[in-house]
Amino acid sequence: MGRSFNTIAFDPSKCDGCGDCMRACASVKYDSEDTSRSLIQILGRETDKGSAFELALCRQCGDPKCTTVCPAGALTKNGESGVIEWDGSKCVDCLLCTIGCSYAGIALDETTGRVSKCDTCAGNPACVPACPHGALRYVTTSNIYNEVGDWEDLFAPGLAGCQGCNTELLMRHTLRRVGPDTVLATPPGCVPGMGSVGFNGTTGTKVPVFHPLLTNTAAMLAGIKRQYKRVGREITALAIAGDGGASDVGFQSLSGAAERGEQMLFMVVDNEGYMNTGMQRSSCTPYGAWTSTTPVGKSSDGSHLSQGKTQDAKNLPLIMVNHRCAYVATASTAYMEDLYEKLDKAIQASKTGFAYLHVYSPCTTGWRFPTDQNMEVARKAVETNFVMLWEYTPDTGVHFTRPVDKPLPVTDYLKAMGRFRHLSPEQIEHIQKKVEENRRIVERLAENAHAA
Amino acid sequence: MTTATLETPREAAAKQKVILCEGNEAAALAVALARPDMVAVYPITPQSSLVEHVAKLIADGKMDADIVDAEGEHSVLSVLQGGALAGARTYTATCGPGLAFMFEPYFRTSGMRLPIVMTIVTRDGITPQSVWGGHQDAMTVREVGWVQMYCETVQEVLDTTIMAFKVAEHHDVMLPVNICLDGNYLSYGASRVELPDQAEVDAFLGDKFVNWHVALDPQRPMAVDPLTGGSGGKGPSTFVRYRKGQCKGMQNALRVIEEVHEEWAQRFGRSFAPLVEEYRLDDAEFAIMTLGSMTGAAKDAIDEAREAGKKVGLIKIKTFSPFPVEALVRSLAKVRALGVVDRSVGFRWNCGPMFQETLGALYRLGRHVPAMSFIGGLAGADLTIPHFHRVIDATEALLQGGPVPTEPVWLNERD
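Fair warning: this is a prediction, and the values are worked out from it, not measured in the lab.

1. Thoughts on the domain arrangement of chain A
Residues and elements named next belong to chain A. Taken domain by domain, chain A comprises domain 1 (7-142) and domain 2 (149-451). On the domain 2 side, the residues contacting the five residues of domain 1 number five residues. Where domain 1 packs against domain 2, one counts one salt bridge. The salt bridge partner of Lys 14 is Glu 383, with a shortest N-O separation of 2.9 Å. The interface formed by domain 1 and domain 2 contains two residue pairs in polar contact (both at pLDDT 80 or more).

Next comes the structure, spelled out in structure tokens:
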């Protein structure tokens, strides 16, 4: 399997052409204020909808054309870092590479008369933190894929998730990481709906897997783990559960198992409702959201108006913190490195106590957004602080793992989905206030942890 | 499998300790002798002292089991399901509202064919609010595939509790088993009890046989309970195969319960009727039917009635689920009138549940036997010898061929 490499990603919708990235690059690389020397170039153009911006930057291509056209062997792709390296001692300044590149990623530096290109600042690109709008990201998940790709996928191919659902991604990554010495519980919901436990004698999973009841996942897993512990066998007891079963009808067994410190990893895939059953409200559904049991409607005379869910979501991960679990964390599939770090800690914690991992999982079908937008919706949730990524252990308390100190307005998140289409300005104001209030609650916990 | 013993029952009996204890303690001592791997508990009246005894036996090192103090009965049974799927011999006890709360996993236990053993310290149903004995709880769940055996005495509680593990784990059964122990009367009633020797019990029970058929084990991975059924493909036939298997297991249990009781009698010298007990029935013209601890008072009443010249006998059901139709029909064949005493209510037929079940057996008999339903002992009310004389007299009247009452007689209505 081919290797993948870290890369600088550009989101043109967030770029306003301010040029801060170019100034940072020119400064770091050449101690210069001349942005024409920057190795990253933002190019503006006018469109029907106003100004738009494009990126001229070396993509560190997997199949680079610049290296193949170079007659002197001055350009080579580093097999470890993935960076295409330029060797000035070999370069004959023919400029063929600048014609070979489709991205204007290598260009003539008129100051020196030689070509220049981005080297990602040895994995710490100066342009990325300089961007005030989050249009640039240094994507460093490649190591996960390089490592994980060689591990056995413990789910059957072709699980029947909705198009664009990232829960399948989450399931495959999680089980690869946890490994074959696992007993997996997938209570009723999307995860068995995809076929994890199979149908009429077939199975979707290569580890022992079962449907608990919606209500007793944690209790059944506790019994399994205890018996293996009694006979001296090491297994990981893993639940991949939905938010509805965990926060509503299954909460008692979840709370009881957490209080008793049962040794398991309980992962909640939070798509904020009973999505498998037809998109009904759960206690994790956010305020204002349309669901099939909190529909939007009004009476014919206009006297009655229904505008989605009228209560705020239950904050299940914070409730789990109050169980003093061995580990509690929130995660998002848009932040895979963060998720993997937490997964590793949670697996470790599950060997001695109750580990709880709450993963936000946007639902293309139930939240009503295009199937290619899942990661973007997940990312926007974090960038607006609608979802916060943090972790807790009894020793270290709560701390943010991906703090967003300059959040985007929550409307950037809300407008990405149909389920919030009907919101009134008052409802949006309520949600924005709640986002800020929730942030302050976690901040206070984090500050207290820091002070302690 | 069990190993042969060279001891005679008398020798085995001689090794037994004689103690005085209540039914709840007897159940706990029996559980300890059965050596379960896992016990899950949640307290509820009148079961509480039973699980307290179990907890103390474990705390004192007299019982080597993992005890899970679960947060409710629903989780109690769920923890044990997990334990059983991982190979544990498991036990718990509950009653009344606890059993009602447990119903969701309770229904599922028999479907997964998990040989979990659970005592029901029987309690009447709420509401009206009550914490006292009655069979309403166990009767309410009689239809969901658990084996249910009702005990008459504290000794029978102890012996049946051990036997229950052997029945549950029998290859031809593989079903969960309830020992029904009358709340108040047996739970708190102290009695002389012979306590079997541990080595003898070990030999009797043999190796545990828990999850050979369904397991959650990384060394033999399988999907447990995949979605089954629907109207297409293999769905209908697969679902039927499972359900039919449960029914077969229940029917097999009738034979296995008899075999296990027979072996128990041989090993320990104590004999209990496994399915249906007959008392002074062979020359009887009519009979009364009982269940559980009320039978003691009923037998005394029969003795007195016999002295008064009434040709009355008694039929006691021990194994209520599966319903021992054949054995019962054999007993019913001996009589011309029947009075059935229930300690619970069947709301749908306006009679006792055991009476209703017996009507089905009477149909199998193929001969009309007039029968009456009596309901008594609800919510801890006493069923005394005078109550049973009323039952005997009313049933005797049926021999005259008059009209058969269509409504039950409520024995404690004017107490």
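Moving on from the model shown.
2. Observations concerning the interface of chain B and chain A
Each partner contributes to the interface: chain B provides 46 residues, whereas chain A provides 37 residues. Roughly 3,000 Å² is buried in total at the junction of chain B and chain A, and carbon and sulfur atoms are behind 55% of that figure. Considering only the surface of chain B that becomes buried against chain A, Glu71(B), Leu216(B) and Pro218(B) emerge as the three largest contributors, covering 20% of it. Applying the counting rule to chain B against chain A returns five salt bridges. Arg226(A) is paired through a salt bridge with Asp66(B); the nearest N and O atoms lie 2.7 Å apart. The interface formed by chain B and chain A holds 15 residue pairs in polar contact (both at pLDDT 80 or more) in total. For the side of chain B that touches chain A, the elements supplying multiple residues, two or more each, are strand E3 (66-69), helix H4 (73-85), helix H6 (103-111), strand E9 (223-224) and helix H10 (235-268) of chain B. In terms of residue count, H4(B) provides more of the side of chain B that touches chain A than any other element does, eight residues in total. Relative to E9(B), strand E10 (residues 209-210) of chain A runs parallel, the two sharing two bridges. Bridging from a neighbouring strand, Val209(A) pairs with Ala223(B) of E9(B).

3. As for the packing of aromatic side chains
This structure, assessed with the given rule, holds 15 aromatic pairs over all chains. With centroids separated by 6.1 Å and ring planes inclined at 70°, the aromatic side chains of Tyr150(B) and Phe320(B) adopt a geometry described as edge-to-face. Taken together, the positions of Tyr150(B) in strand E6 (residues 147-150) and Phe320(B) in strand E13 (residues 319-321) put the pair 170 residues apart, joining distant regions of the chain. According to the relative accessible area criterion, Tyr150(B) is buried, its value standing at 0%. One aromatic cluster is present, formed by Phe103(B), Tyr106(B), Phe107(B) and Trp146(B) through successive ring pairs. Stacked on the ring of Phe400(A), the Lys or Arg Arg439(A) has its end atom at 4.5 Å from the ring centre. Lying over the aromatic face of Tyr242(B), Arg241(B) brings its terminal NZ or CZ to 5.6 Å of the ring centre.

4. Overview of the sheet that holds E13(B)
Residues and elements named next belong to chain B. Pairing is mixed across the open sheet formed by seven strands, whose spatial order is E3-E2-E4-E5-E7-E6-E13. Where the open sheet ends on each side, the last strands, each with one partner, are E3 and E13. With direction set aside, neighbouring strand axes in the sheet form an average angle of 20°. In this sheet, strand E7 (residues 177-182) lies alongside E6 in parallel orientation, the contact comprising four bridges. Opposite Gln 148, over in E7, you have Asn 178 as the bridge partner.

5. Describing the pattern of salt bridges
Considering all chains together, one arrives at 62 salt bridges over all chains under this definition. Among the ionic contacts, a cluster of salt bridges with common partners joins Glu152(B), Glu156(B), Glu277(B), Lys299(B), Lys316(B) and Lys318(B).

6. Topic: the domain arrangement of chain B
Residue and element names in this part refer to chain B. Here the domain parsing of chain B yields domain 1 (9-215 + 243-268) and domain 2 (277-410). Computed from C-alpha coordinates alone, the two centres of domain 1 and domain 2 are separated by 27 Å. Counting residues at the interface gives 28 residues for domain 1, matched by 30 residues for domain 2. Summing both sides of the interface, domain 1 and domain 2 together bury roughly 2,300 Å²; the carbon and sulfur share of this comes to 51%. Taken together, the connections running from domain 1 to domain 2 amount to six salt bridges. The tally of links between domain 1 and domain 2 comes to 20 residue pairs in polar contact (both at pLDDT 80 or more). Counting only elements with at least two residues in the side of domain 1 that touches domain 2, the list comes to helix H7 (136-140), E6, helix H8 (154-168) and H10. In terms of residues, the side of domain 1 that touches domain 2 owes the most to one element, H10, which gives six residues. Residues of the side of domain 1 that touches domain 2, tallied by class, amount to 14 nonpolar, nine polar and five charged.

Reading the values: rules and limits
- Residues numbered from 1 in each chain as written.
- Chains lettered and ligands numbered in written order.
- Predicted model: local features only at pLDDT ≥ 70, side-chain atom pairs only at ≥ 80, totals over all residues.
- Heavy atoms only, no water.
- Domains from an automatic or database assignment.
- Contact = heavy atoms within 4.5 Å.
- Salt bridge = Lys/Arg side-chain N within 4 Å of Asp/Glu carboxyl O.
- Polar contact = N/O pair within 3.5 Å; in protein donor to acceptor, adjacent residues only side chain to side chain.
- Buried area = accessible area lost by both parts, 1.4 Å probe.
- Helix = DSSP H or I, 4+ residues; strand = E, 2+ residues; numbered from the N terminus.
- Pairing = 2+ DSSP bridges.
- Phe/Tyr/Trp six-rings, centres within 6.5 Å; stacked < 30°, edge-to-face > 60°.
- Buried < 20%, exposed > 50% of the residue type's maximum accessible area, 1.4 Å probe, protein only.
- Lys NZ or Arg CZ within 6 Å of the ring centre and 35° of its normal.
- Axes fitted to C-alpha atoms, helices over the stretch in contact; angles between N-to-C directions.
- Nonpolar A, V, L, I, M, F, W, Y, C, P; charged D, E, K, R; others polar.

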